[in-house]
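Observations on chain architecture
The lines below spell out each chain.
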Amino acid sequence: MADSPLLQRLEGLDARFEEIKTLITDPSVIADQPRYVKLTKEYKHLEDLLKVANQYKKITGDIAEAKQLLEEETDPEMKEMAKEEIEANQSQLPKLEEEIKLKLIPEDPEDSKNVVLEIRGGTGGDEACLFAGDLARMYVRFCERKGWKVEMSSCSPGAAGGYKEVVFSITGDNVYGTLKYESGVHRVQRVPVTETQGRVHTSAASVAVLPEAEPFEVHINEGEIKWDTFRSGGAGGQNVNKVNSGVRLRYMWTNPNTGEQQEILIECTETRDQPKNKERALARLRTFIYDHEHQKYVDDIANRRKTLVSTGDRSAKIRTYNYPQGRITDHRIGYTVYNLPAFMDGDIQDCIDHLIVAENAEKLKEAEL
């Protein structure tokens, strides 16, 4: 058992863990923020892996000792106790082995990041905007259950309700690692409130989940940003309508993957404080650029994994919400449940768990573990 392939894969990790433990206390490393952040993430990952690995080593050692006792012992009662110990310990091994294999796969460095969540009404006119509003409520309710902080950055209301477009900033623990599966086109089948004949219509909304970029990950020449200010509309008291707290930035960006230039336009009316709105508009600009500059990396992952689980091809229909039957179907993994009211109220964790299991199975196959 001691020379099992799995234990061989764990060799050297203790030494690397101790090396990183020393490095992250070094002032020169702490001063180098990109390196420091990378090392602290590796430290946490190795700490979790070694905790499970040490448990695995202890159990395999206990099994080896019990087997030796079984061979040498003559007392029937002691032999029976040794057998029971072997069986009890061996029953724990498969789960631990699976956990170690998953932890041996390099984590997606994006998973721990906060996100910018964009929802847009698609085909279907007013009904698509209403559905975009329903999805927005679903994600806000889900985030509340997770204890995450949700702030609306901007929105464009639909004529009959809902949103033509709405953007949220979401902060918390492992936000991108959880919500990344939601990127794509969401389709709804139901009778619109405007339908007099009672016919079921199909409309859609698109969801984009973007990992929020850290300031040191994206280079922006802030001197080239053109800023405008304007009065925010909507609720919020007299101040919102009388003070130029809303900000709009324009920035010419060159895509390093294609060489093409495009103007990025971002508005932020999230708070009554203009400097805070500027800060949040800059954060969205960083996220937009980071997302587009890393698109080649994202596409490479998508090409390797048939379910596109980790990236959610943004033009692909990933899920259908059928109201007449109370059914939700995720087309990537064939997941179907009949709890639509609860699902739309934010109870989406079970679907995400199934997507995580599907992606992990692909990762294990890819890594040949």
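Residue positions are given per chain, counted from 1 along the sequence in the order it is written. Only residues with pLDDT of at least 70 are given local features in this predicted model, and only at 80 or more are side-chain atom pairs given and counted; all residues enter the totals for whole chains, interfaces and linings. Side-chain metrics in this entry use all non-hydrogen atoms of the structure; hydrogen atoms and water are not considered.

Side note on the overall build of the chain
Per the secondary structure count, the chain includes 13 helices and eleven strands. Categorising residues by exposure relies on relative accessible area from a 1.4 Å probe, with only protein chains included: less than 20% of the type maximum marks a residue as buried, more than 50% marks it as exposed, and the intermediate range marks it as partly exposed. For the chain, the proportion of its 369 residues judged to be buried stands at 41%. When contacts within the chain are restricted to residue pairs at least 6 apart in sequence, those whose partners lie at least 24 apart make up 62%. The protein chains shown are the only cover counted for residues, whose accessible areas, like all others here, come from Shrake-Rupley with a 1.4 Å probe. Of the accessible surface of the chain, which amounts to about 19700 Å², a share of 49% is contributed by carbon and sulfur atoms. Counting from the N terminus, the helices are DSSP H or I runs at least four residues long and the strands are E runs at least two residues long. Contacts are residue-level and defined by heavy atoms, with any inter-residue pair within 4.5 Å sufficient.

Comments concerning helix H5 (residues 76-90)
Given a rise of 1.5 Å per residue, 15 residues ought to cover 21 Å, and the 21 Å separating the end C-alpha atoms of H5 matches this to within 8%. Restricting attention to buried positions, one finds in H5 the residues Ala-82, Ile-86 and Asn-89. Viewed along the axis of H5, the buried residues span an arc of 75°, placing them on a single side of the element. When the buried face of H5 is taken as reference, the exposed residues oriented beyond 90 degrees from it are Pro-76, Glu-77 and Glu-87. On the buried face of H5, the contacting elements are helix H4 (33-72) and helix H6 (93-104). Counted as a polar contact is a pair of N or O atoms within 3.5 Å, where, for protein atoms, one must be capable of donating a hydrogen and the other of accepting one, and residues adjacent in sequence contribute only when both atoms are in side chains. Between a side-chain oxygen at the N-terminus of H5 and the backbone nitrogen of Glu-77 the separation is 3.2 Å; the capping residue is Asp-75. One less than the number of residues in a helix, times 1.5 Å, gives the span that helix is expected to have. Of all possible arcs, the one meant is that of the directions from the helix axis to the C-beta atoms.

Some remarks on the packing of aromatic side chains
The criterion for an aromatic pair is that two Phe, Tyr or Trp rings (for Trp, the six-membered ring) have centres within 6.5 Å, with stacked assigned to planes under 30 degrees apart, edge-to-face to planes over 60 apart and tilted to the rest. What the rule picks out here adds up to five aromatic pairs. Seen from their ring centres, Phe-17 and Tyr-43 are 4.8 Å apart, and the 15° between their planes marks the pair as stacked. With Phe-17 in helix H2 (residues 13-23) and Tyr-43 in helix H4, this pair connects stretches of sequence that are 26 residues apart. Each member of the pair, Phe-17 as well as Tyr-43, is classed as buried. Ring centres 6.0 Å apart and planes at 80° place the aromatic pair Trp-253 and Phe-288 in the edge-to-face group. Note that Trp-253 is positioned in strand E7 (residues 246-254) and Phe-288 in helix H10 (residues 274-293), a separation of 35 residues in sequence. Ring pairs connect the aromatic residues Phe-131, Tyr-321 and Phe-343, which therefore count as one cluster. Think of it as a cone above the ring: NZ of Lys or CZ of Arg counts as a charge over the ring if it is within 6 Å of the ring centre and within 35 degrees of the ring normal. Stacked on the ring of Trp-227, the Lys or Arg Lys-278 has its end atom at 5.0 Å from the ring centre.

Some words on the confidence of the model for the chain
pLDDT is a residue-level measure of predictor confidence that goes from 0 to 100. With 87% of its residues at a pLDDT of 70 or more, the chain shows a mean pLDDT of 84. Within the chain, no element has a lower average pLDDT than helix H9 (residues 238-242), which sits at 47, and none a higher one than helix H12 (residues 340-344), at 97.

Examining H10
Taking 1.5 Å as the rise per residue, H10 with 20 residues should run 28 Å; its terminal C-alpha atoms sit 28 Å apart, in good agreement. Among the residues of H10, those classed as buried are Asn-277, Ala-281, Leu-282, Ala-283, Arg-284, Leu-285, Arg-286, Thr-287, Ile-289, Tyr-290 and Asp-291.

Details of the sheet that holds strand E8 (residues 261-268)
DSSP bridges decide pairing: two strands pair if at least two such bridges lie between them. The strand order across the open sheet formed by three strands is E6-E7-E8, and the pairing between neighbours is antiparallel. The open sheet has two edge strands, strand E6 (226-230) and E8, and neither has a second partner. Between one strand and the next, the sheet's axes are offset by a mean angle of 20°, whatever the strand orientation. Both E6 and E7 contribute to a ladder of five bridges, which runs antiparallel. Considered in E7, the bridge of Lys-226 is made with Arg-250. Note on geometry: axes are C-alpha line fits, over the in-contact stretch for helices, and angles between N-to-C directions span 0 to 180 degrees.

So, the pattern of salt bridges
Salt bridges are identified by distance alone: a Lys or Arg side-chain nitrogen within 4 Å of an Asp or Glu carboxyl oxygen. Counted according to the given criterion, the structure contains 24 salt bridges. Notably, a salt bridge pairs Glu-127 with Arg-190, separated by 2.4 Å at the nearest N-O pair. Of this pair, Glu-127 sits in helix H7 (residues 126-146) while Arg-190 sits in strand E4 (residues 184-190), and the two are 63 residues apart along the sequence. By the burial criterion, Glu-127 is buried, and Arg-190 matches it. Across the salt bridge formed by Glu-267 and Arg-248, the nearest N and O atoms sit 2.8 Å from each other. Residue Glu-267 is located in strand E8, and its partner Arg-248 is located in strand E7; the two are separated by 19 residues in the primary sequence. Among the charged side chains, a network of salt bridges with common partners joins Arg-137, Arg-141, Glu-144, Arg-145 and Asp-345.

Description of the packing of H2 against H4
Closest axis-to-axis distance for the H2/H4 pair is 9 Å, and the angle between their directions is 145°. Pair H2 / H4 crosses with left-handed handedness. Between H2 and H4, the contacting residues are Leu-13, Asp-14, Arg-16, Phe-17, Ile-20, Lys-21 and Leu-23 on the first element and Arg-35, Leu-39, Glu-42, Tyr-43, Leu-46, Glu-47, Leu-49, Leu-50 and Lys-57 on the second. Note on convention: the crossing is left-handed when the near helix lies turned anticlockwise from the far helix by less than a right angle, right-handed when the turn is clockwise.

Focus on a nonpolar patch on the surface
Here the term patch refers to residues with relative accessible area over 30% and no salt bridge, with like charges joined within 9 Å and nonpolar side chains (Val, Leu, Ile, Met, Phe, Trp, Tyr) within 5 Å. Together, Leu-69, Met-78 and Met-81 make up an exposed nonpolar region whose accessible area comes to about 240 Å². For Met-81, the position within the fold is in helix H5.

Examining the side chain of Asp-62
Structurally, Asp-62 is set in helix H4. The residues touching Asp-62, leaving out its near neighbours within four places in the chain, are Glu-85 and Asn-89.

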